[in-house]
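# Summary of the model geometry
If you want the building blocks of each chain, they are given just below.
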Amino acid sequence: LMLCYFSSCSSWLPQRVPLRGSHWQSSLLELRTSLPVRAQPKKKKKVDVRKEQAQKERMKKKLKKLEKAAPELIPIEDFITPIKYSDSNRVRSLPTLSAEESERRVLLLKKWSLFKQKQDEAEKNAIKCLVESQQEALKELRLESEELYEAAIRRDEGLFPFQRDGPSYTPPLPGYDPPEGKCVDITKVYTQ
Amino acid sequence: DALLGCHRSYRSRPTHGIGKFKYLLPKELPKKRKEKVRMKEIDAGTEYQYGDVNIQMTSHDLCLVEHFAQYVHRLCNRLSIRVNESYAMPTKTNEVLFMEERGSKMQLDAVLTTHQRVIQVRGLSSTFAPILLEIIQSSQPEGVHLLMKEHTEADFKSRLKARPELEELLAEMS
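So, here is what we can say about the structure in this document. (Residues numbered from 1 in each chain as written. Chains lettered and ligands numbered in written order. Predicted model: local features only at pLDDT ≥ 70, side-chain atom pairs only at ≥ 80, totals over all residues. Heavy atoms only, no water.)

### Here's the deal with a negative patch on the surface
Residues Glu 132, Glu 136, Glu 140 and Glu 144 of chain A make up a contiguous surface patch of negative charge. Mapped onto the elements of the fold, Glu 132 of chain A is located in helix α4 (residues 99–144). (Patch = residues over 30% accessible without salt bridge, like charges linked within 9 Å, V, L, I, M, F, W, Y side chains within 5 Å. Areas by Shrake-Rupley, 256 points an atom, 1.4 Å probe, with all protein chains shown as cover. Salt bridge = Lys/Arg side-chain N within 4 Å of Asp/Glu carboxyl O. Lys, Arg positive; Asp, Glu negative; His and termini not counted. Charge placed at Lys NZ, Arg CZ, Asp CG, Glu CD. Helix = DSSP H or I, 4+ residues; strand = E, 2+ residues; numbered from the N terminus.)

Given below as structure tokens:
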């Protein structure tokens, strides 16, 4: 009876599980978990946990150190004069101006300053006119209806963002076929 | 040593204050500590006032955009609009390549630099904002692209240097 039981068991069990050879195995179904765990596997677990903890702490320390450092602004290349413009000692010697020429220049400067003053004055007037007409319109609107006045006073959400390209010297040519090409961004990337 | 040790100062004597010399040296200013770049609070604005508004001017021409920024700044000063900050964004460099007519190689055409100046303005009243916009538009020079938008944290962050190590660590931690 025992013999046939064993043979049937061996065919049913998966091949990798050893037969009930050692007396340490409590049951046939359980795998090696029931074996008394030796010192070797336990050490691995402890060391792993400790290593992980140490690693986490190191990472946290690094993070703290990096976070302590204040963020820096990207340096602007416009404001840094290239070195090649500061090394040479050559000085430009300007020719002496004749009296007529200097007279002409002074008069031109005066005309220019007058022109600019008129331009500035015109701008100030324009602003004043705009503000005045706006205030008048709002006053009239208030007399008309209080609700509309309130709605007009509120800020316009659709105003921002506002974009506008500057006027160009020449309009685009009609029927112009530009050559194929591409734009490559070669801005220097600064990292902290 | 004995001279330094005694603290008696004969104020009636003509030799009072003999040995003093620090008043002759130039004044030493206290050491300026590097101030941390901190983000200022962004004002959201009320219903009748806009909060922080950025006026961004972009162009390929450096002098033009600088002068326009100065003009806008002075205009705001004159109209008593509070200007929070007036700074420059980092310059972008672009290489323009074009395909030759007879050939498959890309040829270098030009290296263009894009400059941007930003003026941050606070407390624009809702009635005055369109007037200001109109004035700035009328005096916009050629080739200068104008953009007016509200100030956000992302705008401020774009001015700071990238920190890849910090980001990597943060990604690893989470």
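### Some words on the pattern of salt bridges
Between side chains of opposite charge, a pair can form as their charged atoms come close. Residue and element names in this part refer to chain A. Per the stated rule, a full pass over the model turns up 16 salt bridges over all chains. Of the charged contacts, one joins Lys 124 and Asp 120 as a salt bridge, the two residues approaching to 3.8 Å between their closest N and O atoms. Within this pair, Lys 124 and its partner Asp 120 are both found in helix α4, separated by 4 residues, close to a single helical turn. The exposure class of Lys 124 is partly exposed, given its relative accessible area of 40%. (Buried < 20%, exposed > 50% of the residue type's maximum accessible area, 1.4 Å probe, protein only.)

### Looking at the sheet that holds strand β2 (residues 181–185) of chain A
In spatial order, the strands read β1(A)-β4(B)-β1(B)-β3(B)-β2(B)-β2(A); together these 6 strands make up an open sheet with antiparallel pairing. Looking at strand neighbours, the two that pair on one side only are β1 (162–164) and β2 of chain A, the edges of this open sheet. With strand direction ignored, the average angle separating the axes of adjacent strands in the sheet is 20°. Where strand β1 (residues 53–59) of chain B lies against strand β4 (residues 145–150) of chain B, 6 bridges are found, and the strand directions are antiparallel. By the bridge assignment for β4 of chain B, Thr 58 of chain B is matched with His 145 of chain B. Sitting on the sheet, helix α2 (residues 62–78) of chain B touches β1, β2 (82–99), β3 (106–122) and β4 of chain B, and the angle it makes with β3 of chain B is about 10°. (Pairing = 2+ DSSP bridges. Axes fitted to C-alpha atoms, helices over the stretch in contact; angles between N-to-C directions. Contact = heavy atoms within 4.5 Å.)

### Some remarks on the packing of α4 of chain A against helix α5 (residues 146–153) of chain A
All names here are of chain A. Where α4 contacts α5, the two axes come as close as 6 Å, and the packing angle between them is 145°. Facing α4, whose interface residues are Leu 138, Leu 141 and Arg 142, α5 presents Glu 146, Leu 148, Tyr 149, Ala 152 and Ile 153. Residue composition of the contact of α4 with α5, grouped by class: 6 nonpolar, no polar and 2 charged. (Nonpolar A, V, L, I, M, F, W, Y, C, P; charged D, E, K, R; others polar.)

### A few points about the interface of chain A and chain B
Listed as interface residues are 54 residues of chain A and, on the opposing side, 64 residues of chain B. Between chain A and chain B, roughly 5,700 Å² of surface is buried when both sides are summed, and carbon and sulfur atoms account for 61% of that area. Of all residues in chain A, Arg 155, Phe 160 and Arg 164 of chain A give up the largest surface area on contact with chain B, accounting jointly for 14% of the area buried on that side. Connecting chain A to chain B are 6 salt bridges. The residue Arg 78 of chain B makes a salt bridge to Glu 123 of chain A at a minimum N-O spacing of 3.6 Å. Linking chain A with chain B are 31 residue pairs in polar contact (both at pLDDT 80 or more). Among the secondary structure elements, those contributing two or more residues to the side of chain A that touches chain B are α2 (39–68), α4, α5, β1 and β2 of chain A. Ranked by residues supplied to the side of chain A that touches chain B, first place goes to α4 of chain A with 8 residues. Partitioned by chemical class, the residues of the side of chain A that touches chain B number 27 nonpolar, 8 polar and 19 charged. (Buried area = accessible area lost by both parts, 1.4 Å probe. Polar contact = N/O pair within 3.5 Å; in protein donor to acceptor, adjacent residues only side chain to side chain.)

### Brief notes about the nonpolar core
Residues and elements named next belong to chain B. Ranked by size, the top nonpolar core spans 29 residues in total, and within it Met 57, Val 72, Val 121, Leu 124 and Ile 136 carry the most contacts. Those elements that place two or more of their residues in this core are β1, α2, β3, α3 (129–138) and β4. Each residue touching Ile 136, except ones within four places of it in the same chain, is listed here: Ile 55, Phe 68, Val 72, Leu 75 and Leu 146. (Core = buried A, V, L, I, M, F, W, Y, C linked by side-chain atoms within 4.5 Å.)

### Examining the pairing of β3 of chain B
Residue and element names in this part refer to chain B. Of the strand pairs in this sheet, β1 and β3 are connected by 7 bridges, and their pairing is antiparallel. Its bridge partner being in β3, Asn 54 is matched across the sheet by Gln 120. Taken together, the 15 bridges between β2 and β3 define a ladder with antiparallel strand orientation. The residue of β3 that forms the bridge with Met 99 is Met 106.

### Observations regarding the packing of α4 of chain A against α2 of chain B
For the pair α4 of chain A and α2 of chain B, the least separation of the axes is 13 Å and the interaxial angle reads 50°. The orientation of α4 of chain A relative to α2 of chain B falls into the category oblique. Once α4 of chain A is placed against α2 of chain B, the crossing between them reads as right-handed. On α2 of chain B, the residues that touch Asp 120, Glu 123 and Lys 124 of chain A of α4 of chain A are Tyr 71, Leu 75 and Arg 78 of chain B. Here the contact of α4 of chain A with α2 of chain B is composed, by residue class, of 2 nonpolar, no polar and 4 charged. (Parallel < 35°, antiparallel > 145°, perpendicular 65-115°, else oblique. Left-handed = near helix turned anticlockwise from the far one by under 90°.)

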